[in-house]
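This is what each chain is made of:
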Amino acid sequence: MRHRLPFLAVVVLCSSTAHAQLELGGALRALQASGASSLPSAFGERVAVLAEYPPDSGVSELLVAGRYRPLWLAADELSSFVVDHPLVKLHWAPPRQPLVDQAQRWSGAKAFRAETGFTGKGVVVGIVDTGLNVTHRDLRNADGTSRVRFMLDMSRPPGGRQAELEEEYGCTGDAECAIYDNEDLDDVMNNGVTGDEPRDAYGHGTHVASLAAGNGLSVSGARYAGIAPEALIIGARVSRAGDGAIADPDIITATRFIFEQAERLGMSAVVNLSLGSDFGPHDGSSALEQGLASFVGPDHPGRAMVVAAGNSGGLYSGIGTGEPEPFGIHTEVHVPRESPVEIPIMTPTVGLGARKGGTVYAWLGFRAGDEISVALDQNGEDWIPEIAPGQATTLSKGDFKGTVFNGPSRGSFKVGEHNAVVVVDGDFEPGAVFTLRLSGHGTVSLWLQSQGGASPDLSTGALLPRGEKQGTINIPASHPDLIAVGATVNRIRWLDSSGRPFLVGASDGSEDLLQEDATAVFSAAGPNAQGAMKPDIVAPGMYVVGAMSSDADPRDNGGQGVFASQGRCGTPDYECFVTDDDEHAVTSGTSMSSPIVAGAVALLFESRPELTQGEVRALLQAGARQPIGTVLAEQQLGPGALDLNGTLAALLAEDSPIRREPARKSRIALAASFIHPGGGQPLQGLLELRDDTDQIADGFDERRLALEVDGGTLSLPPARRAPGLYGFEVTAPPGSGGQDLHLALRFDGRLLASRTVPIGVDRWAAEGEPIAHGGCSMGPVPRGAAFLASMLVAAAVLRRRRYIETK
């Protein structure tokens, strides 16, 4: 027997006064009359509407055109709104394609701007990067004048246009630089001289700036507008050459310059740093991180700093070495007494794209009380003998040298008491294997950084067996007080420069296409070396469309720069990453995620210019959502993905407290997948409290909420950070390795969420897979070995220089 199901027929009559939209109030009432209780799921869990109020509503001065108010309503809110406001019409229309880049949709930025009217106006967005193509129309006003209020260019000598500022910021000394204000930029853009304006040959900084604050005016309809399109831009080119290399002092100077100019303008400011490296302690203690963190904090309201998490989270398999997979730039091992551990460092082969020669850095982090000696072999032959703590040496082998600094040293590397550094530099063959021999006792965290012929720009870079995603958070993102941003997949298709649709994976016949809104395979994961949760938030970063510097167009520069296909588009000369308008291009990295969050912070500052760094982070985390795509590793995610609609709800809840009780939509987010025994490194976590509709739960009696711990101790009880967001820490007892710690979140005794965490000295031990000790060696990696790799990895660092994350 066939049953006729109730349905809603919509007829749109087009005239000069008709709206091609659905009036949801009447539609919902019609559905309810037919027996349905709510709108179909096709409308989404949250519905965007334009609420049209009657002329005599008394709120016309608060409405768009005196009639409309943009609203986002959950399904249950929609029903209540219709009942409570029978004279208000709710106009809905399906998404229009295309409007803006996908990043606007995933982040909720467009809805946030529509709901609040905030666009970043009156807020400074600072970009510390490879420069700005100041002539790009996305960075100019409608009348053609520059939106860049100041530009600090460290690739140029002082020009005397801003002589006092150039003197103040050291441009006339050894570290030459030029400073321009917006009027200077207008002059050089219109003086008829080619090339005397600030440039961005690398293309990275222009793309980053447009994602945070581009106005999109280069394309009809502002299709690729940034998150805060009316923010004031202050740029700093900190790459003195064209290779993307950046020195730490320049980063500090540029950051200081931006914050101080914003203060003189009387504006709040957010600085974006889409740069970093893998070399260092990863605990926030580096000089760069300490210096950057000093610019923000409770004593600096109206300031925020957002940093890319890094692109070092990629893991590789199928290399065929016989060593335990997967391979990565980071691992952690336990060194038992009387049982040395050997860890091969595998440089990439010619078949993987490597060239002869280069530099490989290994940073080894220990814990207090550890006693580790470090030796180094090459291709199975003894080379550097054991170097005890407090010692260092350099030995040559053919055309390359090996150096070991173990603990305190007077050398150029400021290693610190509980760290060691190993450097191999010179003309070694691709595929060479250098084996670390560790003896003594303790737990060692290792990170690799490669450059030259072994650079990840060319291949995979040097790798370690049993690589781990977690713990790959870059520096300076590892500082606990800086807002670190990881990446999700933004899109998998776009129109290329010839107007042809390009689908990721189609060129090589792959049927396993990426999932949109999944965590990006390359995105670095936390925690930092002290267990702090990282990243702090994730945002669209893989395949993001942004402004293309005219100097970085791969069709004109020989296939160079961040937008060059390098054969990844199916044919060598096909530049698929340039879009159909010739003004924008596609690239990937947490470098793209970070400015999206920076733009979001600018919107918050327009609302609350007095917010501090900690308050900004708490609001972003309180509003975070769970991605709809696959989360490859929880430690890539932090508390969740940027959702400005959720952040707006948290912001409003601070002013007008809500009363919602937590339910089973609540979540327990953990900084790591395991916990160390003993109290030396607690496991950090967040409670994200949600009601049954996944809205922020807050305003209840906190005595009704309980976090129970079995197999450990609640060393830091849950403490409220923002509406619906609580932080906590737990520890495991000494000698509890091999056991589990259990967490249970309850409200009025009802179980809302639970987690089980293995206990171990490292992840492999915690998960029952201890790494082999003693006698582990391997021969050279066979050339031409197949591999599975992400197309994007972080670039290398040399002697305190940091490379922009791009590929």
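Here, every reference points to the structure presented above.
Keep in mind that this is a model prediction, so the values were computed, not measured. (Residues numbered from 1 in each chain as written. Predicted model: local features only at pLDDT ≥ 70, side-chain atom pairs only at ≥ 80, totals over all residues. Heavy atoms only, no water.)

K.L.:
Can you walk me through the side chain of R237 in this structure?
P.N.:
For R237, the position within the fold is in strand β8 (residues 232–237). A distance of 2.8 Å separates a polar atom in the side chain of R237 from the backbone oxygen of S239. (Helix = DSSP H or I, 4+ residues; strand = E, 2+ residues; numbered from the N terminus. Polar contact = N/O pair within 3.5 Å; in protein donor to acceptor, adjacent residues only side chain to side chain.)

K.L.:
Looking at this model, I keep getting lost on the packing of aromatic side chains. Mind explaining?
P.N.:
How two aromatic rings sit relative to each other is set out by the distance from centre to centre and by the angle between their planes. All told, the structure shown has 15 aromatic pairs when counted by the stated rule. Each ring, one from F279 and one from W363, has its centre 5.2 Å from the other, and the planes form 85°; the classification is edge-to-face. Of the two residues, F279 is situated in the loop between β11 (275–276) and α9 (287–293) and W363 in strand β16 (residues 358–365); the sequence distance between them amounts to 84 residues. In this structure, F279 and W363 share a single accessibility class: buried. Relative to F434, the ring of F400 lies with its centre 5.8 Å away and its plane at 80°, an arrangement referred to as edge-to-face. Here F400 is found in strand β20 (residues 400–406), whereas its partner F434 is found in strand β22 (residues 433–452), with 34 residues between them in sequence. On the basis of relative accessible area, F400 is assigned to the buried category, the value being 10%. Each member of the aromatic cluster is reached from another via a ring pair, and the members are W494, F502, Y543, Y574 and F577. Seen from the ring of Y574, R500 lies directly overhead, with NZ or CZ sitting 4.7 Å from the centre. (Phe/Tyr/Trp six-rings, centres within 6.5 Å; stacked < 30°, edge-to-face > 60°. Buried < 20%, exposed > 50% of the residue type's maximum accessible area, 1.4 Å probe, protein only. Lys NZ or Arg CZ within 6 Å of the ring centre and 35° of its normal.)

K.L.:
Any chance you could explain the state of the cysteines here in plain terms?
P.N.:
Disulfides are covalent bonds that connect the sulfur atoms of two cysteines. For the structure shown, the criterion picks out one disulfide. Two residues share a disulfide in this structure: C171 and C177, whose sulfurs sit 1.8 Å from each other. Note on the C171 and C177 pair: the S-S dihedral is about -90°, so by sign convention the disulfide is left-handed. Looking at C177, the relative accessible area reads 2%, which means it is buried. (Disulfide = S-S within 2.5 Å.)

K.L.:
Can you help me understand the sheet that holds strand β33 (residues 713–722) in this one?
P.N.:
Spatial ordering of the open sheet is given by β30-β31-β34-β33, a layout of four strands whose pairing is antiparallel. Of all the strands in the sheet, just β30 (667–670) and β33 have a single pairing partner and so form its edges. Strand-to-strand twist across the sheet, computed as the mean angle between neighbouring axes with direction ignored, equals 25°. Pairing geometry for β30 and strand β31 (residues 678–688), over four bridges, is antiparallel. Looking at β31, one finds that R667 is bridged to E688. Most of the contacts of helix α11 (residues 613–622) go to β33, to which it runs at about 95°, and overall it touches β31, β33 and β34 (725–732). (Pairing = 2+ DSSP bridges. Axes fitted to C-alpha atoms, helices over the stretch in contact; angles between N-to-C directions. Contact = heavy atoms within 4.5 Å.)

K.L.:
Help me understand the sheet that holds strand β27 (residues 537–542), please; the structure alone is not making it clear to me.
P.N.:
The pairing of strands in a sheet happens through backbone hydrogen bonds and is either parallel or antiparallel. Here we have eight strands laid out as an open sheet, ordered β7-β6-β8-β5-β10-β12-β24-β27, and mixed in their pairing. Either end of the sheet is taken by a strand with one partner, and the two such strands are β7 (178–181) and β27. The sheet shows a mean angle of 25° between the axes of neighbouring strands, taken without regard to direction. Relative to β8, strand β6 (residues 148–153) is paired through five bridges, and the arrangement is parallel. The residue bridging F150 from the neighbouring strand is I234, located in β8. Packing of helix α10 (residues 590–607) onto the sheet brings it into contact with β5 (123–129), β10 (268–273), β12 (303–308), β24 (483–489) and β27, and relative to β12 it is tilted by some 165°.

K.L.:
I tried to follow the environment of L714 on my own but got confused; where do I start?
P.N.:
Relative to the helices and strands, L714 is located in strand β33. Spatially, the C-alpha atom of L714 lies 9.8 Å from that of L683, the residues being 31 residues apart in sequence. Setting aside residues no more than four positions away along its own chain, L714 makes contact with L707, V709, F728, E729 and V730.

K.L.:
Can you help me understand the nonpolar core in this one?
P.N.:
Here is a general trend for soluble globular proteins: nonpolar side chains tend to be buried in one another's company. V270, V597, V601 and L642 are the most contacted members of the largest nonpolar core, which totals 62 residues. If you tally residues by element for this core, the top one is α10, at 10 residues. Of all hydrophobic cores here, the second largest spans 44 residues; its members include Y316, A362, W363 and V422. (Core = buried A, V, L, I, M, F, W, Y, C linked by side-chain atoms within 4.5 Å.)

K.L.:
Got a minute to help me understand the side chain of N272 in this structure?
P.N.:
Relative to the helices and strands, N272 is located in strand β10. Classification of N272 by relative accessible area gives buried; the value is 0%. If we skip the residues at most four places from it in the chain, N272 touches G126, I127, V128, V208, V306, S594, P595 and A598.

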